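Okay, here's what each chain looks like letter by letter:
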Amino acid sequence: MVKIEVDGGAYEVEAGQNLLHACLSLGFDIPYFCWHPAMGSVGACRQCAVKQFHGADDRSGRIVMSCMTPAADGMQISIADPEAAAFRASIIEWLMTNHPHDCPVCEEGGECHLQDMTLMSGHIYRRYRFKKRTFRNQYLGPFLTHEMNRCIACYRCVRFYRNYAGGRDFEVFAIHRNVYFGRYEDGVLENEFSGNLAEICPTGVFDDKTLSDFYNRKWDLRSAPSVCVHCALGCSTSVNERFGKVRRILNRYNGAVNGYFLCDRGRFGYGFVNSDRRVRDPLLRQGADAAEPVSKEDALRHAAMLLGRGGAIGIGSPRASIEANFALRTLVGADRFYLGVSDSDHHLLTLLLAILRSGPARAASLRDAEEADAVLVLGEDVPNTAPRLALTLRQAVRQKGFEIADKLKIERWQDDAVRVAAGVERSPLFIATPDETRIDDVAARTFHAAPDDLARLGFAIAHEIDGAAPTVPSLEPEAGALAREIAEALGKAERPLIVAGTGCASAAIIQAAANVAWALCRTGHAAALCPVVPECNSLGLALMEGGALADAFAAVEAGEVDTLVVLENDLYRRADPAAVERCLRQVRHLAVIDHLLTDTARAAETVLPAGTFAEADGTLVSNEGRAQRFFQVLVPENPVQESWRWLHDTMRALGRPPEPDWTRLDDVTEACAAAFPGLAPIREAAPSADYRVAGSKVRREPHRYSGRTAVHAAETVREPPPPDDPDTPFSYSMEGYYGPLPAALIPYFWAPSWNSVQSVNKFQEEVGGPLRGGDPGVRLIEPASDAPAYFAEIPPAFAVRQGEWLVLPLYEIFGSEELSRWAPAVAERVPAPYLALNRSDAAKLGIEEGAMIALELAGTLRRFPVRLRPGLPTGVAGIVAGLSGPVGAQLPAWGRLVPAADPVTVVAPRHE
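Peer 1: Honestly, the overall build of the chain in this entry has me stumped. Any pointers?
Peer 2: Tallying secondary structure elements over the chain gives 27 helices and 36 strands in all. The C-alpha atoms of the chain give a radius of gyration of 28 Å, which matches the 29 Å a tight globule of 912 residues would have. When its C-alpha atoms are laid out on the principal axes, the chain stretches across 90 × 75 × 55 Å. Taken over 912 residues, the chain has a buried fraction of 63%. For the chain, the proportion of contacts with a sequence separation of at least 24, taken over those separated by at least 6, is 74%. For the chain, the accessible surface area stands at approximately 33400 Å², while carbon and sulfur atoms represent 52% of it.

Right, here's the structure in full:
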């Protein structure tokens with residue numbers, strides 16, 4: 001630490017940190033544009049000028065750019081110096097010369113960083129009276145609008161898109177004073193993090209198109225803290241609502257998880273909440289007739305009648321909250337509760353949980369992963385199954401460049417200088433997957449093979465690190481050499497990371513990854529393991545120790561089940577459709593609680609309308625084992641309510657409510673924590689509903705929220721009272737407390753003079769660091785002190801079969817995940833189902849790209865267009881999980897390919 005003087009006051013700051021970062025962390029207001037905490041400094045905008053003095057005798061000083069000036073002991077600076085203030089005002093004036101006067105119609109108005117900085121600099125009157133420069137805007141896809149006339153050339157967009165996120169279809173084009181940021185031609189931005197441009201841009205050049213379609217001001221949006229439900233990483237989000245609809249998702253800073261950025265699936269996948277596929281009323285089917293809407297009371301009476309007969313079992317869901325699953329378990333009994341994941345996922349999740357609990361390798365957060373200095377990805381297509389992790393790994397490979405910069409005494413925030421110094425040097429990232437991935441471009445080595453061969457490579461790496469690990473028999477020379485190379489790189493690292501998960505549906509891959517991590521720990525390395533699991537609460541569900549889906553089907557087939565209750569789950573995505581059909585025919589009564597009308601819900605006798613994440617509260621457990629609370633932002637339209645509340649109401653209708661009874665979410669959370677020691681910390685995931693500041697609840701609405709009466713003008717001109725919310729410490733109004741809060745309860749970021757997303761600076765212990773009081777969430781799983789015995793069941797090498805192909809699940813960021821594909825904007829990016837082959841296999845079959853082929857799998861024939869994927873190994877084919885109808889739930893499996901020229905009976909898929 002060093003001491004600096006700012007406008008006469010003495011402060012301690014981190015040595016070498018740039019003055020802008022240091023002063024913002026101290027709470028000072030300095031305007032800036034090009035600098036960003038996650039991307040460092042380039043000194044492009046010249047807006048952050050301050051006056052630096054050299055000793056007590058220096059009266060004139062010199063103007064320096066605070067973002068490019070490191071803090072040194074004894075340094076004296078002034079932010080308020082008249083000359084520095086005048087300089088900043090002149091900069092903002094010429095930046096504004098070509099900026100349009102369109103704040104009243106700009107979607108960014110009211111949360112615009114440019115507006116904030118203009119007022120902060122004192123520029124309130126425009127003297128420029130000449131013709132403004134104008135540009136043609138581009139179509140950039142369904143996620144973003146483009147308005148280049150608002151650009152101030154801060155270069156943030158291109159720095160993020162190309163340098164940080166690795167995109168290659170976006171660039172800066174310039175001649176003289178005409179600087180243009182966009183694509184070389186109109187088209188969809190290909191990078192899966194393009195939506196961050198709406199938050200990165202300090203003006204309104206890039207805006208959220210899904211919000212622009214409805215044009216809402218920030219101060220008219222109700223907000224609540226939430227957790228992304230579209231993968232297992234647990235990214236923190238803020239959900240914005242207006243007129244009873246979710247209007248957008250914003251990144252909610254979490255220093256341990258997502259930091260400043262979200263993937264496009266997490267940002268734009270919310271559209272299913274507003275979908276016409278929603279279940280809005282209880283449905284009841286009488287005999288063979290179609291299900292008809294009924295009242296809440298009739299639905300509960302019927303559900304109680306069914307469950308009162310006994311013999312009920314419950315199937316939970318990895319996309320439902322801990323509390324909802326626990327409520328179902330309480331209703332049917334612990335021995336009659338089933339997890340509701342595929343049998344393969346059930347086995348793999350149980351295995352992963354045992355590895356995390358019994359081994360010495362810590363489950364890595366995204367922040368841990370970003371700081372790793374050597375990474376092995378084993379079997380997981382990270383950009384599609386855990387997109388935000390892929391962005392993290394792009395930053396992890398920069399650790400080598402940072403080390404080079406440290407030796408050259410270049411500060412790490414000097415972004416351009418660090419990149420130049422690093423050149424092509426990167427920390428080692430090794431990717432071993434069945435096919436190419438979108439982060440292969442930053443990998444030191446890639447290895448594409450069938451799952452068994454990937455597992456064998458992993459086991460070989462573990463043996464190279466620690467000779468006590470089992471030897472791989474008959475290892476191919478190429479794989480052996482690669483194993484030695486990877487083992488050497490991981491062994492030299494201080495913070496090695498192993499990434500593996502359920503993507504290949506291979507227990508051997510997960511066991512091999514555990515062996516590698518444990519071997520590193522046994523040889524004195526602080527290795528971390530980053531598990532990738534399928535859905536937002538997969539790990540939380542596994543902690544509840546329910547039965548397998550096959551066991552549930554067996555109980556139905558044995559005649560032991562009178563009523564089957566399915567919670568927020570579509571069984572057709574979890575198992576062989578024939579087995580699901582057989583189960584649903586054999587069970588006497590089927591009740592479904594869900595918010596989407598899935599194929600399972602269509603087959604139900606009773607359907608109860610559940611609230612989505614935006615209409616409910618609950619706890620989710622991420623892949624890291626971090627429990628986080630999400631809070632409702634929408635007032636559920638009666639009779640829609642939380643799943644746990646439907647289950648509780650059913651228990652009461654049966655005359656056997658829980659003891660003690662549940663009146664609010666905290667009661668369910670407490671009961672769950674008491675029942676499962678491993679889930680006990682979920683009590684601390686967020687403050688209880690009793691949390692108050694000076695007797696006030698926390699407000700969901702900003703202090704400028706307007707038009708409450710106008711919202712209901714078609715019904716009444718009277719001011720309606722705000723809804724009651726017994727489950728949370730939030731109020732449904734602009735009345736209430738907003739100020740320093742526990743991180744889990746921050747509904748939106750705002751501070752005086754800081755209306756844009758940059759206001760998060762005011763909530764952090766230091767800029768770019770943890771939120772004050774710690775980041776949201778509480779970890780449930782910590783590593784053991786000693787490593788267990790190594791896994792020793794090494795699979796044989798993959799062998800090609802004559803006339804058959806091993807069909808693997810492939811993943812698409814848009815389409816494979818169940819909920820986001822029903823968001824209109826995301827739906828435009830969902831590809832058609834396809835079957836992937838490598839070129840040599842396609843040539844043997846005499847087919848080319850786009851040709852139709854039929855896949856025979858377990859007696860089912862399904863027609864697909866062919867997509868050539870050169871990374872796939874010979875003898876391996878792939879179809880897209882979540883998009884491929886009945887065959888998708890059975891993979892991996894051996895199948896036969898039939899050229900389309902042959903006669904074929906095609907079975908129509910579901911989900912299309």
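Peer 1: Just checking my understanding: could you explain unusual backbone geometry for this structure?
Peer 2: Excluding glycine, a negative phi dihedral is what most residues carry, and trans is how most peptide bonds are arranged. Pro639 follows Asn638 through a cis peptide bond whose omega is 15 degrees. With respect to the helices and strands, Pro639 occurs in the loop between strand 27 (626-630) and helix 23 (643-653). For the bond running from Glu659 to Pro660, omega is -10 degrees, close enough to zero to count as cis. Its place among the elements puts Pro660 in the loop between helix 23 and helix 24 (665-675). Residues other than glycine seldom take positive phi values, yet Ala153 does so here, at roughly 60 degrees. Secondary-structure assignment places Ala153 in the loop between strand 6 (144-146) and helix 4 (156-164). Backbone geometry places Phe243, a non-glycine residue, at a positive phi of 55 degrees. Relative to the elements of secondary structure, Phe243 occurs in the loop between strand 11 (236-242) and strand 12 (245-251). Taking relative accessible area as the criterion, Phe243 reaches 47% and is therefore assigned partly exposed.

Peer 1: Would you take a moment to explain the packing of aromatic side chains for this structure?
Peer 2: Each aromatic ring pair is summarised here by two numbers: the centre-to-centre distance and the angle between the ring planes. Within this structure, the stated rule accounts for 24 aromatic pairs. Between Phe160 and Phe261, the ring centres sit 4.8 Å apart and the planes meet at 40 degrees, which makes this aromatic pair tilted. Here the residue Phe160 occupies a position in helix 4, and Phe261 occupies one in the loop between strand 12 and helix 7 (264-268), the gap between them amounting to 101 residues. Classification of Phe160 by relative accessible area gives buried; the value is 0%. Accessibility expressed as a relative area gives 2% for Phe261, which makes it buried. For the ring pair Phe631 and Phe730, a centre distance of 5.1 Å and an interplane angle of 65 degrees mean the geometry is edge-to-face.

Peer 1: Can you walk me through the pairing of strand 35 (residues 876-880) in this structure?
Peer 2: Along any regular strand, the residues point their side chains to alternate faces of the sheet. For strand 35, the buried fraction is high: five of the five residues fall into the buried class. Every second residue of strand 35 is oriented toward a common face, with Val876, Gly878 and Val880 on one face and Ala877 and Ile879 on the other, all of them buried. Pairing of strand 31 (residues 805-810) with strand 35 involves five bridges; the strand directions are parallel. Counted as the bridge partner of Leu806 is Val876 from strand 35.

Peer 1: Teacher, can you tell me more about the confidence of the model for the chain here?
Peer 2: As a note on interpretation, predicted positions should not be read in detail where pLDDT is low. For the chain, per-residue confidence averages 94 on the pLDDT scale, and residues scoring 70 or more make up 98% of the total. Here residues 903-912 scores under 50 on pLDDT; set against residues more than four positions off or in separate chains, the count is 27 contacts.

Peer 1: Any chance you could explain the environment of Glu12 here in plain terms?
Peer 2: Along the chain, the position of Glu12 falls in strand 2 (residues 9-13). Expressed as a C-alpha distance, the spacing of Glu12 and Glu370, which sit 358 residues apart in the sequence, is 28 Å.

Peer 1: How should the environment of Asp576 be read in this particular structure?
Peer 2: Relative to the elements of secondary structure, Asp576 occurs in the loop between strand 23 (563-567) and helix 21 (577-586). Using a relative accessible area of 32% as the deciding quantity, one classes Asp576 as partly exposed.

Peer 1: What is the right way to look at the side chain of His146 in this model?
Peer 2: Relative to the elements of secondary structure, His146 occurs in strand 6. Under the relative-accessibility criterion, His146 is labelled buried at 7%. At a separation of 3.1 Å, a polar atom in the side chain of His146 contacts the main-chain carbonyl oxygen of Phe181.

Peer 1: What exactly am I supposed to notice about the environment of His230 here?
Peer 2: On the secondary structure map, His230 appears in the loop between strand 10 (222-227) and strand 11. Accessibility expressed as a relative area gives 5% for His230, which makes it buried. Measuring from C-alpha to C-alpha, the distance between His230 and Gly16 comes to 39 Å, with 214 residues separating the pair along the chain. In this view, His230 contacts Arg265, Gly266, Gly269, Tyr270, Phe272, Glu817, Leu819 and Ser820; residues no more than four positions away in its chain are not counted. Only 3.5 Å separates the side chain of His230 from the backbone oxygen of Gly269, close enough to count as a polar contact.

Peer 1: Is there a simple way to explain the side chain of Asp649 in this structure?
Peer 2: By the element assignment, Asp649 lies in helix 23. Among buried charged residues, Asp649 stands out as having no salt bridge; its nearest opposite-charge side chain is Lys296, 4.0 Å away. Beyond its immediate chain neighbours, meaning those up to four positions away, Asp649 contacts Lys296, Leu300 and Gln641.

Peer 1: Please explain the sheet that holds strand 4 (residues 62-65) as it appears in this structure.
Peer 2: Pairing between sheet strands relies on hydrogen bonds along the backbone, with the strands arranged either parallel or antiparallel. Across the sheet, five strands lie side by side as 2-1-5-3-4; this open sheet has mixed pairing. This sheet does not close on itself; its edge strands, each paired only once, are strand 2 and strand 4. Within this sheet the neighbouring strands show an average axis-to-axis angle of 40 degrees, counted without direction. Where strand 1 (residues 2-6) and strand 5 (residues 76-78) come together, two bridges link them in parallel fashion. Directly across from Glu5, in strand 5, lies its bridge partner Gln76.

Peer 1: Explanation requested: the packing of helix 16 (residues 451-465) against helix 18 (residues 507-522) in the structure shown.
Peer 2: Two quantities define a packed helix pair, namely the angle between the axes and the distance from one axis to the other. Look at helix 16 against helix 18: their axes get within 8 Å of each other, and the N-to-C directions meet at 15 degrees. Here helix 16 lies roughly parallel to helix 18, going by the angle between them. The handedness of the crossing between helix 16 and helix 18 is left-handed. Residue-level inspection shows Pro451, Leu454, Ala455, Gly458, Phe459, Ile461, Ala462 and Ile465 of helix 16 in contact with helix 18, the latter providing Ala508, Ile509, Gln511, Ala512, Asn515, Val516, Ala519 and Leu520.

Peer 1: Teacher, can you tell me more about the nonpolar core here?
Peer 2: Taken as a class, soluble globular proteins show a tendency for nonpolar side chains to be buried jointly. Counting residues in each nonpolar core, the largest one holds 138 residues, and the members touching the most others are Phe33, Phe160, Val375, Leu389, Leu497, Val499 and Phe613. Filtering out sequence-adjacent residues up to four positions away, Phe33 remains in contact with Cys45, Gln47, Ile92, Leu95, His113, Leu114, Met117, Ile152, Cys154, Arg156 and Pro202. In terms of nonpolar packing, the next biggest core, distinct from the first, is built from 97 residues, Leu353, Leu482, Ala514 and Leu567 among them.

Peer 1: Looking at this model, I keep getting lost on helix 8 (residues 296-308). Mind explaining?
Peer 2: Because each turn of an α-helix spans 3.6 residues, side chains separated by three or four positions in sequence point in the same direction. Counted at 1.5 Å a residue, the expected span for helix 8 with its 13 residues is 18 Å, and the 18 Å between its end C-alpha atoms agrees. The complete set of buried residues in helix 8 reads Ala299, Leu300, His302, Ala303, Ala304, Leu306 and Leu307. Remark: Gly310 follows helix 8 within two positions and exhibits a positive phi of approximately 85 degrees.

Peer 1: Just checking my understanding: could you explain the pattern of salt bridges for this structure?
Peer 2: Enumeration according to the criterion identifies 46 salt bridges in this entry. Measuring nitrogen to oxygen at the nearest pair gives 2.7 Å for the salt bridge that ties Arg412 to Asp406. Of the residues examined, Arg412 reaches a relative accessible area of 41% and is grouped as partly exposed. For Asp406, a relative accessible area of 38% gives the class partly exposed. In the salt-bridge network here, residues are joined through shared partners; they are Arg362, Asp368, Glu624, Arg626, Arg779 and Glu782.

Here is what the cut-offs are and how they apply
Residues numbered from 1 in each chain as written. Predicted model: local features only at pLDDT ≥ 70, side-chain atom pairs only at ≥ 80, totals over all residues. Heavy atoms only, no water. Helix = DSSP H or I, 4+ residues; strand = E, 2+ residues; numbered from the N terminus. Rg over C-alpha atoms; globule rule 2.2 N^0.38 Å. Buried < 20%, exposed > 50% of the residue type's maximum accessible area, 1.4 Å probe, protein only. Contact = heavy atoms within 4.5 Å. Areas by Shrake-Rupley, 256 points an atom, 1.4 Å probe, with all protein chains shown as cover. Phe/Tyr/Trp six-rings, centres within 6.5 Å; stacked < 30°, edge-to-face > 60°. Pairing = 2+ DSSP bridges. pLDDT = per-residue confidence, 0-100. Polar contact = N/O pair within 3.5 Å; in protein donor to acceptor, adjacent residues only side chain to side chain. Lys, Arg positive; Asp, Glu negative; His and termini not counted. Salt bridge = Lys/Arg side-chain N within 4 Å of Asp/Glu carboxyl O. Axes fitted to C-alpha atoms, helices over the stretch in contact; angles between N-to-C directions. Parallel < 35°, antiparallel > 145°, perpendicular 65-115°, else oblique. Left-handed = near helix turned anticlockwise from the far one by under 90°. Core = buried A, V, L, I, M, F, W, Y, C linked by side-chain atoms within 4.5 Å. Expected span 1.5 Å × (residues − 1).

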